Amino acid sequence: MTDMPNHTTPHNSLLKQDARTVKRNRAETRFKAYGIAAISAGMLMLLILLSTIIGRGTGAFQQTFLTLDVQLLEAKLDKNGNRDLEEIKKVSTFGYAPLMAAAMEAKVAQAGIVTDLKPKELEDILSKDAAAKLRDFVLENTDLIGTSVEFRFLTNSRVDGYVKGRVTRESIANDKNINVAQLDLVDALRADGALEKRFNLAFITGADASDARPEAAGMGVSMIGSLFMMLVVLALALPIGVAASIYLEEFAPKNWITDIIEVNISNLAAVPSIVFGILGLAVFINYMHLPNSAPLVGGLVLTLMTLPTIIISTRASLKSVPPSIRDAALGVGASKMQSVFHHVLPLAAPGILTGTIIGLAQALGETAPLLLIGMVGFIASNPPDGIASGLMDPNSAMPAQIYEWAKRADPAFYERAWGGIIILLVFLVTMNAIAVMLRRRFERRW
Amino acid sequence: MKDNVISEMDVTTDKIKISANNVQVYYGENQAIKDVSVEIQDKTVTAFIGPSGCGKSTFLRCINRMNDTIDICRVQGDIMIDGEDIYDSNVDPVQLRAKVGMVFQKPNPFPKSIYDNVAYGPRIHGLSRNKAELDDIVERALKRAAIWNEVKDRLNAPGTGLSGGQQQRLCIARAIATEPEVLLMDEPCSALDPIATAQVEELIDELRQNYAVVIVTHSMQQAARVSQKTAFFHLGNLVEYGETDKIFTAPEDPRTESYITGRIG
């Protein structure tokens, strides 16, 4: 007989893939390609986002300054010559303007710059904030009156924009705040070295400034506002959230009431933050009469918002502790509470900490509820003195400050908004890094 | 270790330590234990054998009220230890569990040092007045659990870093450190290799001198090796209870015989 089974049929050979296998492998390859494409798209977006933020925001950390020698004339600042602080305070910023104009004239003459600008126009390239800064300086150093002081003034935001390339000679055609002759002066002063772009610490530490002087605006006060709010959130949300989760997870009977509570906590985590804002407005401000714009109220609202996040993550980490540990503790005669606090909680701590920090980071970046309780206030004053008063004093918060800047007309504020985002992101990345570190550090295996 | 050899050690006392009468256990609607009555003697190893799901672990967990932690579990009937009803409303299960120690199926040392694992029970029960006394208790417990020589130089090392057999002996040390009177063991060797199993079995035999030991096991050879009394459970019923050698050589109930010869289970 010759009809032996044919072992070389492509159907049976392992060396050749059959149609089904080919199809299956193709599907798998396709799926992997989709995945890679999705990740690439995500990475690309992240890259675009980060490069845009850094590209646009770093400018805010630098500012154009002009260094001038100012004659602090006794005749102008302290007519009676008795250095009485009260009398010196009577000289307003307008009294300082002539000193600055004179200093500008002297500088122009010294540098040998030829210009037909009037003294007032010369002074206009300085920030409107400059006279106030000079006055503050004199009030602190009254003994320097009568001498000549080298002082570094902020320049006008238009000049700053020109130095940074945002403002051009063409774009100022209809701008009343600056003219071409002033830009010529700026070029000349730059060549002289008196006018230069340098790191501006005041952007990180300073207070907000009015529409007319964006160059003087800083994030400092809103950072303090955010810090106070985070303290309130941490002090309230962590103990309440952890205690609630421990009770629900370890002690509460499992019945329809706890089921409803559980469902509602999950739902609360998805409630839009503006709803918490309006709740805070109604309850804390209208009903309890807490002050508007205070970090205490902001902190309370953000606590409400953060609680579900903390409760959910704490419960998840309590759940992830193996039951054998609870059995072991109960088996040697520990009470329920001892087994939870001696054994379960320490094992769940890294997860609880991580959840708390993520919740805080989320609260730190939250803007919408703050709009409703008025934490978008314009706070141009210096930071409040004491920690206690800081909780009740009107303040802003970092994201609210960014929002505030972004909606103002002057492009100089726009740059500051991007800069503010960089600061906010630095905080968020730091907090997340701490969360990861804590988890690594305290994670124990069993 | 002698294998498949029926224990020839006699029961050394007649004193009844635990007596259960008409115990019924329900998980919600399901009845897991049906009318079980049994008397367990002091200074004896009693083995509970039976196929999976027959209720032997459930019954074991009734003896130290570990079933209390399960919401849907209900226990009826009474279980007496030294003549006291442990399900009396005046009994605090926490106090009971100090008297009735338990070793679990999977070694479950706390993720703490070896020393702290053993010292935890005495600490929470206030069994020592000072560090020296506590050191003493820990050393004694570890010695009785036959693990002292292996760990005496690294008492501060984590208990979870030990091998499986060592971990289980550490858990036994932890259980006996609180000076219990009864030791419950829920399949203590099921996660161990044969060598570790042999060590633990040897240990169980020594523990018999001080405690009433109740052990749940899947392995009939193990029951034969370590126990003096054996109870066979099937579908929630206690089918047969008696001297181990009698159960394994001349069982009265046909179900016991079928299980032992491998026909059911």
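Residues numbered from 1 in each chain as written. Chains lettered and ligands numbered in written order. Predicted model: local features only at pLDDT ≥ 70, side-chain atom pairs only at ≥ 80, totals over all residues.

Asks: I'd like a description of the overall build of chain B, backed by residues and values.
Replies: From N to C terminus, chain B includes 10 helices and 10 strands. Computed over its C-alpha atoms, the radius of gyration of chain B comes to 18 Å, within 12% of the 18 Å expected for a compact globule of 265 residues. On the principal axes, the C-alpha backbone points of chain B span a range of 55 × 45 × 35 Å. Counting every position in chain B, which comprises 265 residues, the buried fraction comes to 48%. Taking the intrachain contacts of chain B between residues at least 6 apart in sequence as the baseline, contacts between residues at least 24 apart amount to 71%. (Helix = DSSP H or I, 4+ residues; strand = E, 2+ residues; numbered from the N terminus. Rg over C-alpha atoms; globule rule 2.2 N^0.38 Å. Buried ≥ 20, exposed ≤ 12 C-beta atoms within 10 Å, placed from the backbone. Contact = placed C-beta atoms within 7 Å.)

Asks: Go over the confidence of the model for chain A with me, naming the residues and quoting the values.
Replies: With 95% of its residues at a pLDDT of 70 or more, chain A shows a mean pLDDT of 87. By mean pLDDT, helix α17 (residues 387-392) of chain A is the weakest element of chain A at 67, and helix α1 (residues 19-57) of chain A is the strongest at 95. (pLDDT = per-residue confidence, 0-100.)

Asks: If you had to explain the sheet that holds strand β7 (residues 182-186) of chain B to someone new, which residues and values would you point to?
Replies: Residues and elements named next belong to chain B. Within the open sheet, the six strands sit side by side as β6-β7-β8-β3-β9-β10. Their pairing is mixed. In the strand order of this sheet, the two ends are held by β6 (100-103) and β10 (237-243), each with one partner. The sheet shows a mean angle of 15° between the axes of neighbouring strands, direction not considered. Sheet topology places β7 next to strand β8 (residues 212-216); five bridges connect them, and they run parallel. Bridge pairing links Leu 183 to Val 213 in β8. Where helix α6 (residues 164-176) meets the sheet, it contacts β6 and β7, and its direction lies at approximately 170° from that of β6. (Pairing = 2+ DSSP bridges. Axes fitted to C-alpha atoms, helices over the stretch in contact; angles between N-to-C directions.)

Asks: Talk me through unusual backbone geometry; I want residue IDs and the actual numbers.
Replies: The phi dihedral of A:Ser293 falls on the positive side, at around 60°, and the residue is not glycine. Structurally, A:Ser293 is set in the loop between α12 (273-287) and α13 (295-319). Positive phi values are uncommon outside glycine, yet B:Asp82 reaches one of about 50°. Inspection of the secondary structure puts B:Asp82 in the loop between β4 (73-81) and β5 (84-85). On the basis of neighbour count, B:Asp82 is assigned to the partly exposed category, with 14 C-beta atoms found within 10 Å.

Asks: I'd like to hear about α6(B), residue by residue, with values.
Replies: Residue and element names in this part refer to chain B. Helix length check: α6, at 13 residues, gives a terminal C-alpha distance of 19 Å against a target of 18 Å (1.5 Å per residue), a fit within 8%. Burial analysis of α6 places 12 of its 13 residues in the buried class, which makes it a mostly covered element. For α6, the set of buried residues is Gly 165, Gln 166, Gln 167, Gln 168, Arg 169, Leu 170, Cys 171, Ile 172, Ala 173, Arg 174, Ala 175 and Ile 176. (Expected span 1.5 Å × (residues − 1).)

Asks: For the interface of chain B and chain A, give the residues involved together with the corresponding values.
Replies: Every contact between the two is made by 21 residues of chain B and, on the other side, 18 residues of chain A. Counting only elements with at least two residues in the side of chain B that touches chain A, the list comes to α2 (93-99), β6, α3 (114-125) and α6 of chain B. Examining the composition of the side of chain B that touches chain A, we find that four residues originate from one element, α3(B), more than from any other. Classifying every residue of the side of chain B that touches chain A gives 10 nonpolar, seven polar and four charged. (Nonpolar A, V, L, I, M, F, W, Y, C, P; charged D, E, K, R; others polar.)

Asks: Describe the environment of B:Met185, listing the residues and the values that go with them.
Replies: Residue and element names in this part refer to chain B. Tracing the backbone through its elements, the reader meets Met 185 in strand β7. On the basis of neighbour counts, which here come to 28 C-beta atoms within 10 Å, the residue Met 185 falls in the buried class. Separated by 50 residues in sequence, Met 185 and Asp 135 place their C-alpha atoms 25 Å apart. Once you skip the residues sitting within four places of it in the chain, Met 185 turns out to touch Val 103, Val 213, Val 214, Ile 215 and Val 216.

Asks: Which residues make up the packing of helix α10 (residues 220-251) of chain A against helix α15 (residues 336-364) of chain A, and what are the values?
Replies: Residue and element names in this part refer to chain A. The contact between α10 and α15 brings their axes to 9 Å, and the two run at 140°. Viewed along their axes, α10 and α15 adopt a mutual orientation that is oblique. The chirality of how α10 crosses α15 is right-handed. Between α10 and α15, the residues in contact are Ser 226, Met 230, Val 233, Leu 234, Ala 237, Leu 238, Val 242, Ile 246, Glu 250 and Phe 251 and Lys 336, Val 340, Ile 352, Thr 356, Gly 359, Leu 360, Ala 363 and Leu 364, respectively. Considered class by class, the residues forming the contact of α10 with α15 number 13 nonpolar, three polar and two charged. (Parallel < 35°, antiparallel > 145°, perpendicular 65-115°, else oblique. Left-handed = near helix turned anticlockwise from the far one by under 90°.)

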